[in-house]
Amino acid sequence: MKEESRKLLDKANRAFQAAETLLRAGDSESAAGRCYYAMLHAAQALLRDLDVRFRRHGAVHAAYGEHFAKTALLDPKYHRWLLDAFDERLRSDYDIDVTFNPEAIRRRIEQAREFLDAARKYLEASP
């Protein structure tokens, strides 16, 4: 695994842990945002392993879809989860009267955990 990919996975793990902590504290709105960033950083780690890098979230989403979902290198469901988490992050950041069901965010956090685990396994197996 490349050093940049490892650092991005570490960052993803910190965002994941923050999401869990925020949810336990009753802050579903902020947990949704941290959950998205956990997935984003995992996608960036995978792309960096291919020497692909982007600054814009949409570009990361598209490149991840092209390199990992469409090719089935990883289960395409992770791409859908990333996009869904992005939509939730936008709502949590910009909507005024947004509420998130804690159970729905708990499920999203479990999806993030699965995505991070799959990304780590893929990167650990790469040359």
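Now for a quick tour of the structure. The shown structure was predicted, so the numbers you read here are calculated from the model rather than taken from an experiment.

Calculation notes
- Residues numbered from 1 in each chain as written.
- Predicted model: local features only at pLDDT ≥ 70, side-chain atom pairs only at ≥ 80, totals over all residues.
- Heavy atoms only, no water.
- Helix = DSSP H or I, 4+ residues; strand = E, 2+ residues; numbered from the N terminus.
- Rg over C-alpha atoms; globule rule 2.2 N^0.38 Å.
- Buried < 20%, exposed > 50% of the residue type's maximum accessible area, 1.4 Å probe, protein only.
- Contact = heavy atoms within 4.5 Å.
- Areas by Shrake-Rupley, 256 points an atom, 1.4 Å probe, with all protein chains shown as cover.
- Lys, Arg positive; Asp, Glu negative; His and termini not counted.
- Charge placed at Lys NZ, Arg CZ, Asp CG, Glu CD.
- Phe/Tyr/Trp six-rings, centres within 6.5 Å; stacked < 30°, edge-to-face > 60°.
- 1 Å grid on protein atoms, 1.4 Å probe; cavity = no way out; pocket = protein on both sides within 12 Å on 5 of 7 lines; lining within 4 Å.
- Points joined across faces, edges and corners; volume = space filled by probe spheres on them.
- Axes fitted to C-alpha atoms, helices over the stretch in contact; angles between N-to-C directions.
- Parallel < 35°, antiparallel > 145°, perpendicular 65-115°, else oblique.
- Left-handed = near helix turned anticlockwise from the far one by under 90°.
- Nonpolar A, V, L, I, M, F, W, Y, C, P; charged D, E, K, R; others polar.
- Core = buried A, V, L, I, M, F, W, Y, C linked by side-chain atoms within 4.5 Å.

Observations concerning the overall build of the protein chain
Moving on, step 1. A tally of helices and strands in the protein chain yields five helices and zero strands.
Moving on, step 2. The secondary structure elements of the protein chain, listed N-terminal to C-terminal, are α-α-α-α-α.
Moving on, step 3. Relative to the 2.2 N^0.38 estimate, which gives 14 Å for 127 residues, the radius of gyration of the protein chain is 14 Å and therefore close to what a compact globule would have.
Moving on, step 4. Expressed as lengths along the three principal axes of its C-alpha atoms, the size of the protein chain is roughly 45 × 25 × 25 Å.
Moving on, step 5. In the protein chain, which comprises 127 residues, the proportion classed as buried is 46%.
Moving on, step 6. Counting contacts in the protein chain only where the partners sit at least 6 residues apart, residues at least 24 apart contribute 65% of the total.
Moving on, step 7. Total accessible area on the protein chain stands at roughly 7000 Å², and carbon and sulfur atoms take up 48% of it.
Moving on, step 8. Distance between charge centres in the protein chain, computed from 22 positive and 21 negative side chains, equals 4 Å.

Considerations on the packing of aromatic side chains
Moving on, step 1. Taken as a whole and assessed by the stated rule, the structure comprises seven aromatic pairs.
Moving on, step 2. For the pair Tyr78 and Trp81, a centre-to-centre distance of 5.5 Å together with 70° between the ring planes defines the contact as edge-to-face. Here Tyr78 and its partner Trp81 are both found in helix H4 (residues 77–94), three residues apart, which amounts to about one turn of the helix. With respect to class, Tyr78 is no different from Trp81; both count as buried.

As for unusual backbone geometry
Excluding glycine, residues mostly have negative phi values, and the peptide bonds linking residues are mostly trans.
Moving on, step 1. Unlike most non-glycine residues, Asp51 shows phi in positive territory, near 60°.
Moving on, step 2. Positionally, Asp51 belongs in the loop between helix H2 (28–49) and helix H3 (57–69).

Quick word on empty space enclosed by the protein
Moving on, step 1. Scanning the model with the defined rule gives one cavity of 30 Å³ or more in all.
Moving on, step 2. For the largest cavity, the calculated volume is near 30 Å³.
Moving on, step 3. Forming the walls of the largest cavity are Gln44, Leu47, Arg48, Val52, Arg53, Phe54 and Val60.

Side note on the packing of H2 against H4
Moving on, step 1. The interhelical angle for the contact between H2 and H4, taken along N-to-C directions, is 140°, at an axis separation of 8 Å. Relative to H4, H2 is oriented oblique. The handedness of the crossing between H2 and H4 comes out as left-handed. Seen from H2, the contacting residues are Glu29, Ala32, Gly33, Tyr36, Tyr37, Met39, Leu40 and Ala43; seen from H4, they are Trp81, Leu82, Ala85, Phe86, Glu88, Arg89 and Ser92.
Moving on, step 2. Counted by class, the contact of H2 with H4 contains ten nonpolar, two polar and three charged residues.

Quick notes on the environment of Tyr36
Moving on, step 1. Tracing the chain through its elements places Tyr36 in helix H2.
Moving on, step 2. Distance in space between the C-alpha atoms of Tyr36 and Asp84 is 8.6 Å, their sequence separation being 48 residues.
Moving on, step 3. When sequence neighbours within four positions are dropped, the list of residues in contact with Tyr36 reads His57, His61, Leu82, Ala85, Phe86 and Arg89.

Some thoughts on the nonpolar core
Moving on, step 1. With 41 residues, the main nonpolar core has Met39, Leu46, Tyr64 and Phe115 as its most contacted residues.
Moving on, step 2. Elements that contribute at least two residues to this core include exactly helix H1 (3–24), H2, H3, H4 and helix H5 (102–125).
Moving on, step 3. Counting residues per element, this core draws most heavily on H2, at 13 residues.
Moving on, step 4. Other than its neighbours up to four places away in sequence, Tyr64 contacts Ala43, Leu46, Leu47, Ala69, Leu74, Tyr78, His79 and Phe115.

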